[in-house]
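Observations on the model geometry
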Amino acid sequence: MSEDVRLVAWVRGQVQGVGFRWFTRARALELGGMGGFALNLGDGRVQVVAEGPRERCEGLLEWLRGDDTPGRVDGVTEIWDTPRGGYEGFAIR
């Protein structure tokens, strides 16, 4: 069994107004076992916070960097941390 982690990712590119947060939530729910959220930022990026098993968070990060996302992803910056908890499911904010 893998450890639980916290992933915080900032996604740059054309990621607002294209359903990016909705598809991110759908992918997180498909992978399962994660809580967190996707949030539009004022500078045009989307922030994604996910907590759960490391391999599932890594799967979400791989999807964020892949070619199957809506819009256009120019880059993803991430940090890893220990989970803080407090999330019920995966939300769009």
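Right, let's walk through the structure included here. Because the structure is a prediction, the values reported are computed rather than measured. (Residues numbered from 1 in each chain as written. Predicted model: local features only at pLDDT ≥ 70, side-chain atom pairs only at ≥ 80, totals over all residues. Heavy atoms only, no water.)

Attention shifts here to the nonpolar core. If you look at the biggest cluster of nonpolar residues, it comprises 19 residues, and the most contacted ones within it are Val11, Val48, Leu60, Leu64 and Phe90. Sorting the residues of this core by element identifies strand S1 (4–14), helix H1 (20–31), strand S3 (46–53) and helix H2 (54–65) as the ones contributing at least two each. The element contributing the most residues to this core is H2, with 5 residues. Apart from the residues lying within four places of it in its own chain, the contact partners of Leu64 are Ala9, Val11, Phe20, Thr24, Val48, Thr69, Val73 and Val76. (Core = buried A, V, L, I, M, F, W, Y, C linked by side-chain atoms within 4.5 Å. Buried < 20%, exposed > 50% of the residue type's maximum accessible area, 1.4 Å probe, protein only. Helix = DSSP H or I, 4+ residues; strand = E, 2+ residues; numbered from the N terminus. Contact = heavy atoms within 4.5 Å.)

Below, the discussion takes up the sheet that holds strand S2 (residues 35–40). Spatial strand order, S4-S1-S3-S2-S5: 5 strands in an open sheet with mixed pairing. Each end of this open sheet is capped by a strand with a single partner; those strands are strand S4 (72–81) and strand S5 (90–92). In this sheet, adjacent strand axes meet at a mean angle of 15 degrees when their direction is disregarded. Relative to S4, S1 runs antiparallel, the two being bridged by 9 bridges. Note on S4: the bridge partner recorded for Val8 is Ile79. Contacting S1, S2, S3, S4 and S5, H1 runs over the sheet at an angle of about 175 degrees to S5. The strands that H2 touches are S1, S3, S4 and S5; relative to S3, the one it contacts most, it runs at about 155 degrees. (Pairing = 2+ DSSP bridges. Axes fitted to C-alpha atoms, helices over the stretch in contact; angles between N-to-C directions.)

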